[in-house]
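# What the coordinates show
The residues making up each chain are set out below.
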Amino acid sequence: MEDGNIFISYESKMKSFEDPLQNTFFKYHLNHNIKSYDSDILCNDPSYSEILYDDDYINYLVELHRPIFPPDINVEEFVNENENNKKIKDMSKMNRGNSFMVYRKYLHKHLQISGVNFPMKQLSQLASALWKSEPENVKDHYKVLSERIQELHYERLGNLIINGKRKKSPNDDDDDNEKMSHKKIKDMTKKNGGNSFIIFRKKLNEFLKSKGFNLPMQKLSPLASDLWSKQPEYVKSQHKELSEQTKKLLNEQMKNLYYGQDDNGSFVNNIQSDQLMPTYIELE
DNA sequence: TTGGCAACAATGGAACCG
DNA sequence: CGGTTCCATTGTTGCCAA
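Each chain has its residues counted from 1, following the order in which its sequence is written. As they are written, the chains are lettered A onward and the ligands numbered 1 onward, keeping that order. A pLDDT threshold of at least 70 governs which residues receive local features in this predicted model, and a stricter bar of 80 or more applies before side-chain atom pairs are shown or counted, although totals over entire chains, interfaces and linings include all residues. Only hydrogens and water are set aside; all other atoms, that is, all heavy atoms of the structure, feed into the side-chain values.

### Digging into the side chain of histidine 153
The topology assignment puts histidine 153 in helix α8 (residues 136-163). In the analysis that follows, any N or O atom pair within 3.5 Å is treated as a polar contact, provided that within protein one partner can donate a hydrogen and the other can accept it, and provided that, for residues neighboring in sequence, both atoms belong to side chains. Within the local environment of histidine 153, its side chain forms a polar contact with the backbone oxygen of methionine 91, the two atoms lying 3.0 Å apart. Counting from the N terminus, the helices are DSSP H or I runs at least four residues long and the strands are E runs at least two residues long.

### Re the protein's contact with DNA strand C
Residues in close proximity to DNA strand C total 15 residues, the closest being Asn98, Phe100, Ser128, Trp131 and Lys143. In DNA strand C, atoms within 4 Å of the protein come from the sugar-phosphate backbone in 78% of cases. Within the side chain of asparagine 98, a nitrogen or oxygen atom sits 2.6 Å from a base oxygen of DNA strand C. Measuring from a base nitrogen of DNA strand C, one finds a side-chain N or O atom of serine 124 at 3.2 Å. Every element with two or more residues in the surface near DNA strand C is listed here: α6 (99-113), α7 (120-132) and α9 (182-191). By residue number, the principal contributor to the surface near DNA strand C is α7, which donates six residues. As a working rule, the residues Ala, Val, Leu, Ile, Met, Phe, Trp, Tyr, Cys and Pro are called nonpolar, Asp, Glu, Lys and Arg charged, and the rest polar, with Gly in that last group. For the surface near DNA strand C, the residue count by class is three nonpolar, five polar and seven charged. The cutoff for a nearby residue is simple: one of its non-hydrogen atoms must lie within 4 Å of the molecule or strand.

### Examining the nonpolar core
Here, nonpolar core means buried Ala, Val, Leu, Ile, Met, Phe, Trp, Tyr and Cys residues that are tied together by side-chain atoms lying within 4.5 Å of each other. Note on exposure labels: buried denotes an accessible area under 20% of the residue type's maximum, exposed denotes more than 50%, and partly exposed covers the range between, all computed with a 1.4 Å probe on protein chains only. Counting 30 residues, the largest nonpolar core has Tyr57, Ile73, Leu107, Leu126 and Tyr142 as the members making the most contacts within it. Counting residues per element, the ones that place at least two in this core are α2 (24-34), α4 (46-64), α5 (75-83), α6, α7 and α8. Here the element with the most residues in this core is α4; it accounts for seven residues. Where each domain starts and ends comes from a domain assignment, either automatic or drawn from a database. Composition of this core by domain shows at least three residues from each of domain 1 (3-65) and domain 2 (75-160). If you look at the next biggest cluster of nonpolar residues, it comprises seven residues, including Leu204, Leu220, Leu223 and Ala224.

### Looking at the protein's contact with DNA strand B
Close to DNA strand B lie 13 residues; Lys93, Met101, Arg104, Lys105 and Met120 are nearest. Here, DNA strand B places atoms within 4 Å of the protein, and 52% of those atoms are sugar or phosphate. Lysine 105 places a side-chain nitrogen or oxygen 2.9 Å from a phosphate oxygen of DNA strand B. Looking at which element gives the most residues to the surface near DNA strand B, the answer is α6, with four residues. Here the residues of the surface near DNA strand B sort into three nonpolar, five polar and five charged.

Next comes the structure, spelled out in structure tokens:
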């Protein structure tokens, strides 16, 4: 138990025990589940102990911990818990764990309740072993759960973005803001000021405007594209950094909203990156 | 358009680093 | 000693190249 993986195969694990009975888990298993075994052969004939180990013991260890189905998972609680998680990196990616993640989390709780506390590494391995042997309908169940979790999160995020911290008024049936979930939210959170090229194009547009040129998008985009492709690497990387920075800032703001902090909500959009502008801009 | 690959979601202890 | 990165896991996603 001391080292690493208790769910590992006979080959790599049992070799560290010259006497199989030194493995206390294994010994317990033999005494309680197998009952009749020949300890002499066990210690002297590896093939005998291997059979007992691989065919029964691992199975026993795993089955011992299989969570009951269906799980009593409250989607709302689940989302709340994740929201209270202190180390959130990206609000738009929160609550996007997959079915397996939900499964593992439930397993974790399930085990804690029964007083078992595996280190995370081992828990992941156990979860994997269990997951692999779960029937399709169980996996589907968890998939649906993970999707509903995601949905609820997006719904909250959507309300947040639309309404700020105000709770939505009951009869504010502003057309389709109910169905704004997934795609729009994803777009909004993903947009986050745009990627490096979009920022570049925006700056270019401002620059041109200051010079008295007012290009329509259809002209601006190809021009920006052309110029962008000619930009030296450092300009591109600077813009990339800018976009990441902006994204981070917006994420912070959203977090503040989420946790009901004060929103000194001036949008941080004033990018003073004029010096990033290329020195050469040829206008045709 | 598609297929492959890397990042990423959660998690808490281990390992690592200055 | 404190803060950061790594680990173990699966399924989904987004991006890049052909």
